[in-house]
Amino acid sequence: MRTGLRLCFVALVLTVGSLLGTSGVVAQPSGLTLIGHSDLGGAGLNGPVATVGSTAVVAAGIAPGAGIHTHFYNPYPCPAVAVKVVDLSHPARPRVASTIPVPEGVAALDVAALRVETPAFTGDLAAVALARCGAAGNTVDRGVVYYDVSDPATPVFLGRYYADVDSAGVTGLKTCGPEPDGDPARCASSQHSVALVQRADGRVLSLSTEPGASASNFPSGDLRIVDVTDPRTPEEVGSLPRPGEPIFSFNGCRAFIGGHDAAASADGTLGLLAHFDGGLMTIDLTDPAAPAELARLAYGEAREVEGNAAYVTVAEVDDRRLALVSEEDWIGVSSHLRVDGPDGASYPGCPAIFTLFAPGDSLQVYRRPDAEVAAEIVYVGRGCPANEGWGTTDPDPYLSDARGKIALIDRQRQLTQPDISEGSGCSLVERAKRAQGEGAVGVVLMQTSATAPEAFSPDGDTDYVLLPLMMIDRPTGDSLRTRLCPRVDGDGRCAGGDPLRGAMADAPGAWGGLRIIDITDPAAPFEVDTYRTPSATAFPPPDLGVYAPGQSVARDGKAYVAWHSDGLRVFGLAGDGGEEARFVPADRVDPTGTLPSKSYVVGVDLLESDGAADPTLVVITDTHSGLYILSHDAP
């Protein structure tokens, strides 16, 4: 349902030792039965799911891996997708009843659905969050669209929230679209998630997110509060945080802060914002037009803590409230650059996304002997090849012989290279390919901005990149550059430096976990526990799967979590707790040929129940293989 009303808990005993079986004794899974399945047309790129009555609405498409959004590859194909409206009236035979169109270059990243009754609209309301997927998405309306899905066979468009478009109804201005006929500034901006809730006063609120809006000083912040009591005329009434928020953190290898997902209490007066490395924000929604931040439960600036609070579920627990926060950390190893010798050291590093998820599953450092690539370390400069498209007509001088060595490469020009252009010069992927051609066995990119290093996505075609890449932070890079290349001689080579040997190395790490946070007093939230599946700490990672949690829902003291390649995980939240059941769909080939051939359960919701004695029917979606309906009997 992806709503504030979807969460109904019964008596819950909150003890750190028993909440999720953290004593190390995990209950044996039982009680999940597959009832029905639909491949949703077989095109893949299926997204999260929301249910209302006997209807499911399934999102479609993925966002690029650049910036704050964690995904496998960028660029990648951005095929046409459509939201699926699925008839679940016969759970054994789920059927796609209709589709909702998605514009070219746009992905439907999230959906919400809710039965509402207002003077302006009564029926099954669906909300679809639309975000840019490809270049065409820059000049097409996105935002959030609202549909009437009361009849799943004939969804009816009701209205659109025009995110970041001021005075959307003003006439005499160019409409959204590319120049010269259109105006890109008139296009509704991307929204990454959406939730719906109807309050006791009858108002229906839509909560959507735009990560980084506050940091970009947009008039509206990362969280948008939109009144859809009449979904034909959505009206933004409030937003948070205020402009001027930071965008970068110093946590781990996805070092970003931004609101990614929001949820509301059942009465719609308390909001929660999953804020990536900013942690969890609690928000007073008593007056939606004047939302007030109550507290933040942040991670703190600890490099070894990845953060990535990506999804949140609010739980009403008798006289108590909880938040289930999913950390969508997709980096399951701890990487570093080691420098050998009497005064050697180990420096944190961030492997490139296209190293971690290289399709052959052999490029990763952790697949090498002793989980390292050992060699002499040399500094080669900026390392751009000739590329007129990037304004680089001559290749940058290579300041050292990289054959059989680990090449240290700067992201920007340094004073050791006074005769090359000031511009960006070339893509990081092009530099990696040149280093490979020069015979290097590994590439370490040195961050030259004030921000932390990152597990960066490709900025070019990674075909035929056959050596691993990682990034180190600026202080480390500055120190190594000075040590290896204090000056450049008349032949254009580094001179006067110390010879260094070392290794690019991987070590055990941990995928993201499910954080249990007590928000009974929303002004003073505190963490109760964090749960990770056994796969989360396996080293080396078994395959190209992702073993971090995503969206979750809860009912009757159970948490149902879409855990990517660990499938659906069901946890008891009362008594001794522990894992009660799991279901992992079979691995399938990605129909688009883009992502690894693994199971990725990305959506979960529950069907309405007629009585307490009825089994819980769980609906999940897998990126490649479609929609599944499961029956969960109490163990």
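Fair warning: this is a prediction, and the values are worked out from it, not measured in the lab.

A.B. asks: How would you summarise the pattern of salt bridges if you had to cite specific residues and measurements?
C.D. replies: By the definition in use, this model includes 30 salt bridges. Across the pair Glu376 and Lys405 runs a salt bridge, and its minimum N-O distance is 4.0 Å. With a gap of 29 residues between them, Glu376 in strand E22 (residues 372-381) and Lys405 in the loop between E22 and strand E23 (406-410) connect regions that are remote in the sequence. The exposure class of Lys405 is buried, given its relative accessible area of 17%. Note that Arg569 and Asp566 form a salt bridge whose closest N and O atoms lie 3.0 Å from each other. The exposure class assigned to Asp566 is buried, which follows from its relative accessible area of 4%.

A.B. asks: Please provide a residue-by-residue account of the sheet that holds strand E1 (residues 32-38), values included.
C.D. replies: One open sheet holds the four strands; their spatial order is E1-E37-E36-E35, and the pairing between them is antiparallel. If you trace the sheet from one side to the other, it starts and ends with E1 and strand E35 (601-606), each paired once. Across this sheet, the average inter-strand angle for adjacent strands is 25°, counted without regard to direction. By the bridge criterion, seven bridges tie strand E36 (residues 616-622) to strand E37 (residues 626-632) in an arrangement that is antiparallel. Across the sheet, the residue bridging to Val619 is Ile629, located in E37.

A.B. asks: Please set out the confidence of the model for the chain residue by residue, giving values where relevant.
C.D. replies: If pLDDT is low for a region, its predicted coordinates should not be looked at in detail. For the chain, per-residue confidence averages 87 on the pLDDT scale, and residues scoring 70 or more make up 89% of the total. Of the regions scoring below 50 in pLDDT, residues 2-28 engages in 91 contacts with residues more than four places distant in sequence or in other chains. Low pLDDT (under 50) marks residues 167-171, which in the prediction has four contacts with non-local residues, meaning those over four places away or in another chain.

A.B. asks: Let's hear about the environment of Gly221: which residues, and what values?
C.D. replies: For Gly221, the location among the structural elements is in the loop between strand E11 (204-209) and strand E12 (223-227). For Gly221, a relative accessible area of 2% puts it in the buried group. Separated by 19 residues in the primary sequence, Gly221 and Leu240 place their C-alpha atoms 4.7 Å from one another. If we skip the residues at most four places from it in the chain, Gly221 touches Ala213, Ser214, Ser239, Leu240 and Pro241.

A.B. asks: Explain the side chain of Gln414 to me, and be specific about the residues and the numbers.
C.D. replies: Here Gln414 lies in the loop between E23 and helix H2 (428-437). Look past the residues within four positions of Gln414 in its chain and what remains in contact with it is Tyr379, Thr448 and Arg481.

A.B. asks: A description of the nonpolar core should follow, citing residues and the corresponding values.
C.D. replies: Counting residues in each nonpolar core, the largest one holds 24 residues, and the members touching the most others are Val83, Val102, Ala108, Val111, Val128 and Leu130. Taken together, the elements giving at least two residues each to this core come down to strand E2 (46-52), strand E3 (55-60), strand E4 (82-87), strand E6 (106-117), strand E7 (122-132) and strand E8 (143-148). With near-sequence residues (within four places) excluded, Val128 lies in contact with Val83, Ala108, Asp110, Val111, Gly143, Val144 and Val145.

A.B. asks: Provide a residue-level description of the pairing of E37, including the pertinent values.
C.D. replies: The element E37 is extensively covered by neighbouring structure, given that seven of its seven residues are classed as buried. Note that E1 and E37 share six bridges and pair antiparallel. Bridge assignment links Thr33 to a residue of E37, and that residue is Ser631. Between E36 and E37, which pair antiparallel in sequence order, lie three residues.

A.B. asks: Summarise H2; cite the residues concerned and give the values.
C.D. replies: Taken residue by residue, H2 has Leu428, Val429, Arg431, Ala432, Arg434 and Ala435 as its buried positions. Contact partners of the buried residues in H2: helix H1 (353-356), E23, strand E24 (442-446) and strand E25 (469-472). Following H2 by one or two positions, Gly439 has its phi on the positive side, about 95°.

A.B. asks: Residue-level account of the pairing of E36, with values.
C.D. replies: Counting buried residues in E36 gives six out of seven residues, a clear majority hidden from the surface. Sheet topology note: the E35/E36 ladder contains five bridges and is antiparallel. Paired with Asp605 across the bridge in E36 is Val619.

Calculation criteria
- Residues numbered from 1 in each chain as written.
- Predicted model: local features only at pLDDT ≥ 70, side-chain atom pairs only at ≥ 80, totals over all residues.
- Heavy atoms only, no water.
- Salt bridge = Lys/Arg side-chain N within 4 Å of Asp/Glu carboxyl O.
- Helix = DSSP H or I, 4+ residues; strand = E, 2+ residues; numbered from the N terminus.
- Buried < 20%, exposed > 50% of the residue type's maximum accessible area, 1.4 Å probe, protein only.
- Pairing = 2+ DSSP bridges.
- Axes fitted to C-alpha atoms, helices over the stretch in contact; angles between N-to-C directions.
- pLDDT = per-residue confidence, 0-100.
- Contact = heavy atoms within 4.5 Å.
- Core = buried A, V, L, I, M, F, W, Y, C linked by side-chain atoms within 4.5 Å.

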